[in-house]
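The lines below spell out each chain.
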Amino acid sequence: MSRNKLLAGNWKMHKTRAEASEFFRSFTKLVGNMADVTRSVEVAFGVPATLFDVCVNAAGAGVKILAQNVHYEKQGAFTGELSTVMLQDAGLQGSIIGHSERRQYFAETDQAVGKKWNALSLSSLLPVVCVGETKAEREAGETNIVVKKQFELALAEVSADAKAKDFVIAYEPVWAIGTGLTATPEQAEEVHLMIRGLLTTHFGAARAETVRILYGGSMSAANCAELLKKPNIDGGLVGGASLKPEDFSKMVLTAKG
Ligand code: 13P
């Protein structure tokens with residue numbers, strides 16, 4: 001089963017509107033024929049809400065623009081939040097959910113992640129569901145237990161109808177995020193294989209083969225080729241290196257092969 005690779009940038013809390021426009025001016029030039037590239041590798045960017053319209057208009061053919069968070073209710077008294085209806089209205093294709101920074105700084109729980117997954121899927125938006133262990137958890141030998149728990153507690157909130165929709169898992173070991181420390185291709189593949197097993201358990205073997213599992217954590221133009229060679233690493237969720245058009249365009253072209 002061949003899965004189209006997905007290279008997704010996560011811009012976190014970076015860039016003004018002028019900087020975003022400038023990024024896409026260089027990025028589209030460096031990538032070349034965007035429509036051709038995005039036929040074989042999917043390209044996406046998770047961006048701040050102030051950049052939604054700029055990115056939707058500037059990103060180029062086939063490039064998906066995602067939010068970095070979403071609320072699971074469609075509307076209501078939730079000051080500061082955005083709903084799936086609003087993301088769709090802004091022309092977005094999905095959202096990153098459960099990023100470790102949101103879990104750590106904004107007390108996002110596995111249950112909340114699951115409700116967001118459910119809401120996105122029911123709106124036919126793409127959920128990019130992040131999981132990953134801390135350094136202490138890895139050192140205690142608990143990586144698989146932690147990732148399995150995050151995945152299964154979230155999945156418990158997802159309805160049968162929502163489960164039928166496409167989703168992406170991003171394995172992001174917390175100790176590798178923004179640290180310059182990357183999981184080795186072997187370390188990452190081991191966890192990705194375990195996640196593939198979880199997908200098989202919950203979705204059956206045929207469906208499990210279709211789900212993209214991204215690696216995230218200091219992925220760069222220098223190390224992405226080795227990571228992307230692994231059979232269960234279907235792309236990347238890229239922080240720092242996605243802010244630079246030179247680096248991210250190289251990564252996209254590497255993923256294209
Ligand atoms: P870095 O690539 O900067 O380590 O960030 C990874 C990440 O958190 C992507 O969501």
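Here the structure is a predicted model, which means the values were calculated and not measured. (Residues numbered from 1 in each chain as written. Predicted model: local features only at pLDDT ≥ 70, side-chain atom pairs only at ≥ 80, totals over all residues. Heavy atoms only, no water.)

(A) Just the side chain of Arg212, in detail. Relative to the elements of secondary structure, Arg212 occurs in strand E7 (residues 212-215). On the accessibility criterion, Arg212 (6% relative accessible area) is buried. Polar contacts involving the side chain of Arg212 include one to the side chain of Glu42, which spans 3.1 Å. Residues within four places of Arg212 in sequence aside, it is in contact with Arg3, Asn4, Lys5, Leu6, Glu42, Asp166, Phe167, Val168, Ile169 and Asp234. (Helix = DSSP H or I, 4+ residues; strand = E, 2+ residues; numbered from the N terminus. Buried < 20%, exposed > 50% of the residue type's maximum accessible area, 1.4 Å probe, protein only. Polar contact = N/O pair within 3.5 Å; in protein donor to acceptor, adjacent residues only side chain to side chain. Contact = heavy atoms within 4.5 Å.)

(B) Representation of the side chain of Asp234. Tracing the sequence through the fold places Asp234 in the loop between helix H12 (224-228) and strand E8 (235-238). Non-local contacts of Asp234, meaning those with residues more than four positions away in its chain, are made with Arg3, Asn4, Lys5, Leu6, Arg196, Val211, Arg212, Ile213 and Leu214.

(C) Structural detail: the site of the ligand. Around the ligand, 13 residues are found, and the nearest of them are Lys12, His99, Gly178, Ser218 and Gly240. One nitrogen or oxygen atom from the side chain of His99 is found 2.8 Å from an oxygen atom belonging to the ligand. In this structure, an oxygen atom belonging to the ligand sits 2.6 Å away from a main-chain N or O atom of Gly178. Relative to its free-state accessible area of 310 Å², the ligand is covered by the protein chains to the extent of 95%. Of the residues in the shell around the ligand, the class split is 4 nonpolar, 7 polar and 2 charged. (Near = heavy atom within 4 Å. Areas by Shrake-Rupley, 256 points an atom, 1.4 Å probe, with all protein chains shown as cover. Nonpolar A, V, L, I, M, F, W, Y, C, P; charged D, E, K, R; others polar.)

(D) The arrangement of the state of the cysteines in detail. Applying the stated criterion across every chain yields a total of 0 disulfides. There is no disulfide at Cys55, and the cysteine sulfur nearest it, in Cys130, is 18 Å away. Under the relative-accessibility criterion, Cys55 is labelled buried at 0%. Distance from the sulfur of Cys224, which forms no disulfide, to the nearest cysteine sulfur (Cys130) is 19 Å. By relative accessible area, Cys224 is classed as buried at 0%. (Disulfide = S-S within 2.5 Å.)

(E) Structural view of unusual backbone geometry. Positive phi, close to 50°, is recorded for Lys12, a residue that is not glycine. As for its placement among the helices and strands, Lys12 is situated in the loop between strand E1 (5-10) and helix H1 (17-31). The phi dihedral of Lys15 falls on the positive side, at around 85°, and the residue is not glycine. Relative to the helices and strands, Lys15 resides in the loop between E1 and H1. Judged by its relative accessible area of 22%, Lys15 is partly exposed.

(F) Structural view of the packing of helix H6 (residues 110-122) against helix H8 (residues 143-155). In contact at an axis separation of 7 Å, H6 and H8 are set at 50° when each is read in the N-to-C sense. Regarding the angle of H6 to H8, the classification is oblique. Two packed elements cross with a definite hand, and for H6 against H8 that hand is right-handed. Seen from H6, the contacting residues are Asp110, Gln111, Val113, Gly114 and Trp117; seen from H8, they are Lys149, Gln150, Phe151, Leu153, Ala154 and Leu155. Here the contact of H6 with H8 is composed, by residue class, of 6 nonpolar, 3 polar and 2 charged. (Axes fitted to C-alpha atoms, helices over the stretch in contact; angles between N-to-C directions. Parallel < 35°, antiparallel > 145°, perpendicular 65-115°, else oblique. Left-handed = near helix turned anticlockwise from the far one by under 90°.)

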